[in-house]
Each structure stands twice: as structure tokens, then as C-alpha cells.
Amino acid sequence: MNKQSNIYTIVYIIVMVAAVGTALAFTAMSLRPKQVDNANADKMKQILASVRITPTPGEVTTDFEKYITAQFIVNEAGEKVGDNAFGVDVAAESKIKDAADRKLPVYECRIAENDVKYIIPVYGAGLWGPIWGYVSFDSDGSTIYGAYFAHQGETPGLGAEIEKAAFSDQFVGKQVFKGGAFYPIEVVKAGQKPADESDYVDGISGGTITSKGVGSMLDNCLTPYKAFLQTLSEK
Amino acid sequence: MADKINYKSVFFNPFSKDNPVVVQILGICSVLAVTAKLEPALVMGMSVIAVLAFANVIISLIRNTIPTNIRIIVQLVVVAGLVVIVDQLLKAYAYDVSKQLSVFIGLIITNCILMGRLEAFAMGNKPWPAFLDGVGNGIGYAIILVIVGFFRELFGSGTLMGYQVVPQSFYEAGYVNNGLMILPPMALIVVACVIWVHRSRNKELQEE
């Protein structure tokens, strides 16, 4: 058999690609459920991180169900329109220009009896890729209880510092309502102050674009919740 | 094969005398990328060992059937298939690490060590020595990754495998982590230091 002939080469490559393709399809199919579980558990871990709860490894789902007592979707007017907050694609929703068309997920977290926090997911762009996070509010709808940020590929040591507690802990205790007006938290250069009276945190030196990204992410993703947070504060 | 292959040297040479990273200077890209912490460095090392060993064996098994004009394509398909399998396995069983390694597992495909070993060794040798060669070169690569990862995590974050090793009292006394260590350029400098130490101990590697 002539191993250098065209026919042989073509048949060889077709058989090989079919074999490799089958092997890969089989691997992907059989591992899929486990991968989806992992991705969900990771998301739950991040949500709980915003209320400063670290779930027990391997028991993330149990802990999530223990603390997150309710989840719902609100619209821009603050009315409940659904209840599967976990299934909402925050990345896609945050890109819808008209905030009235967005589905706004909220997680209600009971960290203790009579101590309810509301967790809001945020999503935006950093310097190299997406950044996202979860911001939790006290039941007064104005005070930030905790924040968690993550990123896909920001520069280590610079923009990537947003995922460190040193950055996210600055948000604790900040107010989004000042004298009835709504101000999503500003991220400014250390030592500077925003032009209006909104609460602010220090950005990261050397991570200016990522810091600005966090600022505009909060602006874009928290502002539609204004009505919802307002109703909380009036309760 | 006319020559008798020395299995021992096939396996052990890549550890030091013929090390893929510090002697052949292959696969530097991933050394820079995944060594900011020790854990991803270890996982990356193990992934490369697995992919390299299996790719070497598979290519060696089918070496006599591969048409010469498409042999590089065949090698690439085998490597790419194995890398995707490793990536899927990590996503299913080591999710956190796979998140840290992200794109670099995929980039094993373009790691020069793989194509180098497949073309230079597996195409002309029987499966068993090819397997030894793959594992040997993989370990040679992993050793350097772990050394670099060890120093970068120790000095850059004060931790090892995520555990705090620099005592709190040091920080209270004014010690700070060296932020430069976790930036990519320091990986190059650490690799250069490893090469320096390695050459000074191996006289036969020194150029005139």
C-alpha cells in the first residue's frame, strides 16, 4: 500500500478526525453535568462572599439554600416580575440599554433571625475583559453591607486587586441614598473626592481603568434598582 | 532501531542535562504565565506530563502509518484532542484551579516542548521509550515551573499553596510582600537565575 498517495492521506485524515471528534464529544457529554454543578457552586460561593459568608467546601449548595431564603426578579419600577434570579444572565441584562427592559435579580439573604440582606449582582468591563460582582444591602435599602468583585483577566497586582478584601471592604457602610437622591458609589483616585456628594471609595493605583470600570459597572447596574431599594427603605 | 536506546538516559536526561526549559529554552511562555502561585504551577506541570506522555505514546503507536506530508497535522490533532480532554477533566474535578489556569491549559497545544518531542522522538521510537521520554520531559518542565512558582509565591504573596508561611510578626515588624514578584517580568528573572545556577553547576553546558 502506498502511504504517500493522496487517497491514503485523505482517508487517513478523515478517519483520524472522526475518531478524535467522537472521543471529545463523548468526554464533553459525560463530564457536562459535573461541570455545570461546579459553575453553579462557584456562583453561589461568590454570592455568599458578598455577605461575608464562606461556605463549607463541598457543601456550597446546602449553605446557599440555608442563607438565601428567597430570590426574585424585579423590574425598574421595583415590582416583582419573577422568582428565578439565579437563572438570569446578568451579563446579557447589563448590556440592555433601556433599564426598563432589564430583568433585575435580587437575592434575599437571612444571615440571622430578623437580619435580612439583599444581594444585587453587577457586571461590567475592566481593562482586559469582564469584571463582575455582588453587592449586598442592609434592609434599609441604602447601607452597603458587603461587596464582592471578581475579574477574568485583569493585570495581577494592579487591576486584579479589585478582588482583594482590601478593595471590596471599603464599600462596607457606604450609603447610596443621600437626602432622598440616589448615588451609586463612585470609585475615585486615592485622595480625591467626587464632584457631587455621593459616597466614594479609593480606586487602585496602577489599576485606573479597572477602577473606573468598577465605578461605571456600579452606576450601570445599581441605578435600575433605585425604585426597589427605595421601597425597602420605606418599609 | 539500529542503536540501542538507553532507557535510563531517555528518562533522566530531561531532568537536568537536557532540560526542556533551562537548557533548550522551550515553553517559556507558560512558565511566565502560570507561576505566580505554586498550585497552578503544579497542576500545569502535571497536565503537561499527562498530555506529553499520552501524545508521545499515541504518535509512537501510529508512527508507521502516518503519511509524511501531513505528519505535523496529525501530531497537532492528537495533542489538541488530549489538551481538550485535560481541560474538560479539570473543569469537572478541579474547578478552582481550572479557573486560574483558564486559557493556559488550551495553550499547552502550542507549547514547543510537545511538538519538539513528538517530532524529534516519538516519530522514530517505540511506544515504551516514547512514554519514558514524554514523562521525563514533562517532569523536567514541571520541576522548573514548581521552582519558579515556589519563589514567586513565597516572596510575592508570603504564602505557599495558599497557606500563610511568612509569620504575621514579620509583617508587624515592617516586612512587605514584593509586589513585583507576581508580575510576569519576575518570572523571566527567576528563570534566568535558575539557568545561571544550573549552568554554573554543569560545566559541560557552558558555552565558550
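Residues numbered from 1 in each chain as written. Chains lettered and ligands numbered in written order. Predicted model: local features only at pLDDT ≥ 70, side-chain atom pairs only at ≥ 80, totals over all residues. Heavy atoms only, no water.

J.: An account of the pairing of strand 6 (residues 144-151) of chain A is requested, with residue identities and associated values reported.
T.: When you tally the buried positions in strand 6 of chain A, you get 8 out of 8 residues, the bulk of the element. Hairpin connection between strand 5 (residues 130-137) of chain A and strand 6 of chain A: a loop of 6 residues separates the two successive antiparallel strands, and Gly 141 of chain A in this loop has a positive phi of roughly 75 degrees. (Buried < 20%, exposed > 50% of the residue type's maximum accessible area, 1.4 Å probe, protein only. Helix = DSSP H or I, 4+ residues; strand = E, 2+ residues; numbered from the N terminus. Pairing = 2+ DSSP bridges.)

J.: Give me the interface of chain B and chain A: which residues, what numbers.
T.: Note: interface size is frequently given as the accessible area lost on complex formation between the parts. In this assembly, 24 residues from chain B lie in contact with 21 residues from chain A. In this assembly, chain B packs against chain A so that about 2000 Å² is buried in total across both faces, 64% of it on carbon and sulfur atoms. In this assembly, chain B and chain A are joined by 2 salt bridges. Linking Lys 45 of chain A and Asp 96 of chain B is a salt bridge whose minimum nitrogen-to-oxygen distance equals 3.6 Å. At the junction of chain B and chain A, the tally comes to 7 residue pairs in polar contact (both at pLDDT 80 or more). Every element with two or more residues in the side of chain B that touches chain A is listed here: helix 4 (71-93) and helix 5 (95-101) of chain B. When residues of the side of chain B that touches chain A are assigned to their parent elements, the largest contribution, 11 residues, is made by helix 4 of chain B. Among the residues making up the side of chain B that touches chain A, the classes are represented as 15 nonpolar, 6 polar and 3 charged. (Contact = heavy atoms within 4.5 Å. Buried area = accessible area lost by both parts, 1.4 Å probe. Salt bridge = Lys/Arg side-chain N within 4 Å of Asp/Glu carboxyl O. Polar contact = N/O pair within 3.5 Å; in protein donor to acceptor, adjacent residues only side chain to side chain. Nonpolar A, V, L, I, M, F, W, Y, C, P; charged D, E, K, R; others polar.)

J.: Provide a residue-level description of the packing of aromatic side chains, including the pertinent values.
T.: Applying the stated criterion across every chain yields a total of 17 aromatic pairs over all chains. Taking the centre distance of 5.8 Å and the plane angle of 35 degrees together, the rings of Tyr 8 of chain A and Tyr 12 of chain A count as tilted. Remark: Tyr 12 of chain A and Tyr 8 of chain A occur in helix 1 (residues 6-49); sequence separation between them is 4 residues, near one turn of the helix. What makes Tyr 8 of chain A buried here is its relative accessible area of 13%. Relative to Phe 151 of chain B, the ring of Phe 150 of chain B has its centre 5.3 Å away and its plane inclined at 85 degrees; by these criteria the two rings are edge-to-face. Residue Phe 150 of chain B is classed as partly exposed on the basis of its relative accessible area, which comes to 32%. (Phe/Tyr/Trp six-rings, centres within 6.5 Å; stacked < 30°, edge-to-face > 60°.)

J.: Please provide a residue-by-residue account of the pairing of strand 5 of chain A, values included.
T.: Residues and elements named next belong to chain A. With 6 of its 8 residues buried, strand 5 lies for the most part within the structure. Bridge analysis of strand 4 (residues 115-125) against strand 5 gives 8 bridges, and the strand direction is antiparallel. Within the sheet, the bridge partner assigned to Ala 125 lies in strand 5 and is Pro 130. What sits between strand 4 and strand 5 in their antiparallel hairpin is a turn of 4 residues. Across 7 bridges, strand 5 lies against strand 6 in antiparallel orientation. If you follow Ser 136 over to strand 6, its bridge partner there is Gly 146.

J.: An account of the nonpolar core is requested, with residue identities and associated values reported.
T.: Counting residues in hydrophobic clusters, the biggest one holds 52 residues, and the most contacted among them are Met 44, Val 51, Leu 101, Ile 108 and Tyr 141 of chain B. In terms of residue count, helix 3 (residues 38-61) of chain B provides more of this core than any other element does, 10 residues in total. Sequence-distant contacts of Met 44 of chain B, that is, excluding residues within four places in its chain, are made with Ser 30, Val 34, Leu 101, Phe 104, Ile 105, Ile 108, Tyr 141 and Leu 145 of chain B. Grouped together as the second largest cluster of nonpolar side chains are 33 residues, Ile 120, Val 122, Val 187 and Leu 232 of chain A included. (Core = buried A, V, L, I, M, F, W, Y, C linked by side-chain atoms within 4.5 Å.)

J.: An account of a nonpolar patch on the surface is requested, with residue identities and associated values reported.
T.: A contiguous nonpolar surface patch, about 430 Å² in accessible area, is contributed by Leu 42, Met 46, Met 161 and Tyr 163 of chain B. Tracing the backbone shows Met 46 of chain B in helix 3. (Patch = residues over 30% accessible without salt bridge, like charges linked within 9 Å, V, L, I, M, F, W, Y side chains within 5 Å. Areas by Shrake-Rupley, 256 points an atom, 1.4 Å probe, with all protein chains shown as cover.)

J.: A description of the packing of helix 1 of chain A against helix 2 (residues 60-67) of chain A should follow, citing residues and the corresponding values.
T.: Residues and elements named next belong to chain A. Where helix 1 contacts helix 2, the axes come no closer than 9 Å and their chain directions differ by 45 degrees. Judged by the angle between their axes, helix 1 and helix 2 are oblique. Relative to helix 2, the crossing made by helix 1 is left-handed. Taking contact as the criterion, the partners of Ala 41, Met 44, Lys 45, Ile 47 and Leu 48 in helix 1 are, on helix 2, Val 60, Thr 61, Asp 63, Phe 64 and Tyr 67. Here the residues of the contact of helix 1 with helix 2 are counted per class, giving 7 nonpolar, 1 polar and 2 charged. (Axes fitted to C-alpha atoms, helices over the stretch in contact; angles between N-to-C directions. Parallel < 35°, antiparallel > 145°, perpendicular 65-115°, else oblique. Left-handed = near helix turned anticlockwise from the far one by under 90°.)

J.: For the sheet that holds strand 3 (residues 104-112) of chain A, give the residues involved together with the corresponding values.
T.: All names here are of chain A. Strand order in the open sheet made by the 6 strands is 2-1-3-4-5-6, with antiparallel pairing throughout. Only two strands of the sheet have a single neighbouring strand rather than two, namely strand 2 (80-82) and strand 6. Pairs of neighbouring strands in the sheet enclose a mean axial angle of 35 degrees, with direction left out of account. In the packing of helix 2 onto the sheet, the strands contacted are strand 1 (68-74) and strand 3, and the crossing angle to strand 1 comes to about 75 degrees. Seen against the sheet, helix 5 (residues 208-222) touches strand 4, strand 5 and strand 6 and runs at an angle of roughly 120 degrees to strand 4.

By themselves these figures say nothing about function.
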